Amino acid sequence: MTPTRYRIVASDPNAHLFEVCCTVADPDPGGQAFRLPAWSPGSYLIREYARHFVSVRAECEGVPVAVRKVAKDVWLADRCRGALTLVTEVYAFDPSVRAAYVDTTRAFFNGPSVFVWPVGREDRPCELEILPPAGDVYRDWRVATAMPRDGAEPFGFGRYRASSYDELIDHPVEMGRFDVVAFDAGAVPHTVAITGRHRGDGARLAHDLARVCQAQADLFGGAPGSRAPVDAYLFQLLAVHDGYGGLEHRASTSLIANRDGLPQPGATGVSDDYRSLLGLASHEYFHTWNVKRIKPAAFVPYDLTRENFTTQLWAFEGITSYYDDLMLVRSKVIGVGDYLELLGRQISALLRTPGRERQSVAESSFDAWIKYYRQDENAPNAIVSYYVKGALIALVLDLELRLHSAVTLDDVMRALWKRHGQTGLGVPEDGVQVIAAELSGLDLGAFFRDYVHGTVELPLPSLLREFGIGWNLRPSANAKDKGGAPGKDPAPRVWLGATLAAGTDLRLKHLSPEGPAALAGLASGDAIVAIDSLRASADGLERLAQTRNAGDVVEIHAFRSDELMRFSIELAPARNDTCWLTLAEAVGPEAAARRTAWLGA
Ligand code: ZN
């Protein structure tokens, strides 16, 4: 088959523009249509990337050809004889991992946001030429991508190739100046390309990541006849002042993290920020199996023109979120105490989400496109995160299997890898339940009905006790309190039922419908200016919670838009919505053995 040829160049870094060409050797005799994805696999929101296409023209063997839009993301070129090229100019100034970015310091693109596909020719192999921006200042730029090279030098500009459009758009490309560190895991070479100003210890990062990746390769490699999913892997890491995010791809991941999260030279411990960077990398790496190859049937193949509905994101994101931190402790990159802190934070996040009583994770998965990815001030009251609750369902399933059967969730993942990952067969909507029930011999009907499709509270305290883990609850101290650790004295005694938005003014973000603030008439967006006629401050609110009693009435002045309003709030008792876990002291030998088998420590 004649390949589709692509060419991309950061044509004007100052104006944040890419020029992208797509050439079809034998265009449709009736007129060739080109189409752009509406979303990126892994990020479940219609993004309408075509809105960043500044100009589109076509030419055939150098002669202009008329092209017109026939839908928001479809261009139709007139009939022509000979090779047809669509030339597009794409505005690229999105700093996330999902789209495209160009300035004078770096350039990045995620394929769905820049590459059209020639309709009817999406299965053809693709050739890509990546050109450097013009100018001496870009002479030392390099290229980091997992796309197979087709003439380009390692980290060089030049020619790359993909077996299909689907592959072409699954290898994001970073261009600029970056540091490279490398390691082997699972007998596969891994590279980390670190972009952005930083003074992190790359060797330490590579050393720790190698252990995490090896633990994951061991987990999936335990299946008979298993093979590595990739023959090389790339972490693209952008170090920034304040950011966090990642997107998984078949042989790479794009990560954004705080530069202070990189391990500092000479430091030996694992800081909070470094632990979250490792957790992020572990999460995206686990996706190499779970979602990039073990896929919901609804994603086989992806329909890039519209939403792809599945009730299974809880399994693909939730199970991945369970294993991301678990792999850190199993590989001994963090200790058990650190792991329990992370788990306690995850449980606290769930306990602080009243929406867990309204929406199941199956519903949350299905409606990700219009709810999870488009959260508003009412989100905590109406929805539940399929990441957070999905991870805790995975924990509960793992512990139930360990307690009542001869298998574990690891065995379920290996079976999914063997039956779906290595075959390319999509996982049916009830696939995880069917495999877990088959391997364990347990009837898991009630489990999936109550916890996945229902809103029954997860039996976490009793299950964790069987594994020698103690469960503790306390009230949240302030907006920064994520849980996972014992609280500081004095503990809050009362609850307002509202959270504050980030920023210097005391602006309310989320209100619980049954909380004192909402009952008094306060609303999201109100800015508190005075409490009992004294100027309000974050410290003052924290002190109020520590010193006043339930039933006390306080007077609050707040601005709604530019109107000053007065509210009388009757304080409610503090709620125990924050969890911290401990290694239980008096543990029987059975619970201790179960804990060791589970955590590997
Ligand atoms: Zn994920």
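Residues numbered from 1 in each chain as written. Predicted model: local features only at pLDDT ≥ 70, side-chain atom pairs only at ≥ 80, totals over all residues. Heavy atoms only, no water.

In terms of strand pairing, strand β3 (residues 32–35) meets strand β7 (residues 74–77) through four bridges, oriented antiparallel. The residue bridging Q32 from the neighbouring strand is A77, located in β7. Relative to strand β11 (residues 117–118), β3 is paired through two bridges, and the arrangement is antiparallel. Bridge pairing links F34 to P118 in β11. (Pairing = 2+ DSSP bridges. Helix = DSSP H or I, 4+ residues; strand = E, 2+ residues; numbered from the N terminus.)

The sheet built from five strands is open, its strands ordered β16-β17-β18-β20-β19 with mixed pairing. The open sheet is flanked by β16 (178–185) and β19 (245–248), the only strands paired with a single partner. For this sheet, the mean inter-axis angle between neighbouring strands, taken without regard to orientation, is 15°. Alignment of strand β17 (residues 188–195) against strand β18 (residues 233–240), held across six bridges, turns out to be parallel. Along β18, the bridge assignment pairs T191 with L234. (Axes fitted to C-alpha atoms, helices over the stretch in contact; angles between N-to-C directions.)

Right, let's get into unusual backbone geometry. A negative phi holds for most residues other than glycine; trans holds for most peptide bonds. In this chain, V300 is followed by P301 through a cis amide linkage whose omega measures -10°. In this structure, P301 sits in the loop between α3 (272–286) and α4 (313–330). Going from D489 to P490, the amide bond is cis rather than trans, its omega being -5°. Examined against the element boundaries, P490 turns out to sit in the loop between β21 (469–474) and β22 (494–495). In the Ramachandran plot, D532 falls in the positive-phi region, its phi being about 50° despite a non-glycine side chain. By secondary structure assignment, the location of D532 is in the loop between β25 (527–531) and β26 (534–535). Residue class for D532 comes out partly exposed when judged on its relative accessible area of 32%. (Buried < 20%, exposed > 50% of the residue type's maximum accessible area, 1.4 Å probe, protein only.)

Inspection of every chain in the model, using the stated rule, returns 37 aromatic pairs. Aromatic pair F18 and F109: ring centres 5.8 Å apart, planes at 90°, arrangement edge-to-face. With F18 in strand β2 (residues 17–24) and F109 in strand β10 (residues 106–109), this pair connects stretches of sequence that are 91 residues apart. Judged on exposure class, the residue F18 and its partner F109 are both buried. Their ring planes at 55° and their centres at 5.3 Å tell us that F220 and F286 sit as a pair that is tilted. Taken together, the positions of F220 in helix α2 (residues 202–221) and F286 in helix α3 put the pair 66 residues apart, joining distant regions of the chain. On the basis of relative accessibility, which here comes to 1%, the residue F220 falls in the buried class. Relative accessible area serves as the criterion here: at 0%, F286 is assigned to the buried category. Residue placement shows R142 over the ring face of F155; its charged tip is 5.3 Å from the ring centre. Above the plane of the ring of F467 lies R594, whose end atom (NZ or CZ) is 5.8 Å from the centre. (Phe/Tyr/Trp six-rings, centres within 6.5 Å; stacked < 30°, edge-to-face > 60°. Lys NZ or Arg CZ within 6 Å of the ring centre and 35° of its normal.)

Within the secondary structure, E59 is located in strand β4 (residues 53–60). Residue E59 is classed as partly exposed on the basis of its relative accessible area of 26%. Placed 19 residues apart in sequence, E59 and D78 show a C-alpha to C-alpha distance of 9.8 Å. Once residues within four sequence positions are removed from consideration, E59 is found in contact with P64, V65, A83, L84 and T85. A distance of 2.9 Å separates a polar atom in the side chain of E59 from a polar atom in the side chain of R57. (Contact = heavy atoms within 4.5 Å. Polar contact = N/O pair within 3.5 Å; in protein donor to acceptor, adjacent residues only side chain to side chain.)

Attention shifts here to the domain arrangement of the chain. Interfaces are frequently sized by the accessible area removed from exposure as the parts join. Segmentation of the chain into domains returns domain 1 (4–175), domain 2 (177–273), domain 3 (289–468 + 597–601) and domain 4 (494–573). Contact with domain 1, which involves 16 residues of that partner, is made by 17 residues of domain 3. Carbon and sulfur atoms make up 68% of the surface buried where domain 1 meets domain 3, a total of about 1,400 Å² over both sides. Contact with domain 3 buries area across many residues of domain 1, yet W39, Y44 and L45 alone supply 51% of it, more than any other trio. At the junction of domain 1 and domain 3, the tally comes to one salt bridge. Across the salt bridge formed by D170 and K292, the nearest N and O atoms sit 3.3 Å from each other. At the junction of domain 1 and domain 3, the tally comes to four residue pairs in polar contact (both at pLDDT 80 or more). Residue composition of the side of domain 1 that touches domain 3, grouped by class: 10 nonpolar, two polar and four charged. (Domains from an automatic or database assignment. Buried area = accessible area lost by both parts, 1.4 Å probe. Salt bridge = Lys/Arg side-chain N within 4 Å of Asp/Glu carboxyl O. Nonpolar A, V, L, I, M, F, W, Y, C, P; charged D, E, K, R; others polar.)

Evaluated as defined, the whole model comprises zero disulfides. Here C22 stays unpaired: no disulfide links it, and the sulfur of C126, its closest cysteine neighbor, is 7.8 Å away. (Disulfide = S-S within 2.5 Å.)

What follows deals with the pairing of strand β27 (residues 553–560). Where β25 lies against β27, four bridges are found, and the strand directions are antiparallel. For A530, the partnering residue across the bridge sits in β27 and is H557. Here β27 pairs with strand β28 (residues 563–570) via eight bridges, running antiparallel. The residue bridging F559 from the neighbouring strand is L564, located in β28.

An order of β5-β4-β8-β2-β1-β12-β14 is seen for the seven strands of this open sheet, with the pairing classed as mixed. What marks the edges here is a single partner per strand, and that holds for β5 (63–65) and β14 (158–162). In this sheet, adjacent strand axes meet at a mean angle of 25° when their direction is disregarded. The sheet contact formed by β2 and strand β8 (residues 84–91) spans eight bridges and is antiparallel. If you follow V24 over to β8, its bridge partner there is L84.

Next up on the list: the pattern of salt bridges. This structure, assessed with the given rule, holds 35 salt bridges. Its salt-bridge partner being R106, residue E174 comes within 2.9 Å of it at the nearest N-O pair. Here R106 lies in strand β10 and E174 lies in strand β15 (residues 173–176), a separation of 68 residues in the sequence. With a relative accessible area of 4%, E174 lands in the buried category. Where R345 meets E341, a salt bridge forms, and the shortest distance between an N and an O atom there is 3.3 Å. Highlighted residues: R345 and E341, both in helix α5 (residues 336–351), separated by four residues, approximately one helical turn. Here the two residues R345 and E341 agree in accessibility, since each one is buried. Sharing partners across several salt bridges, the network here consists of D272, R275, D338, E341 and R345.

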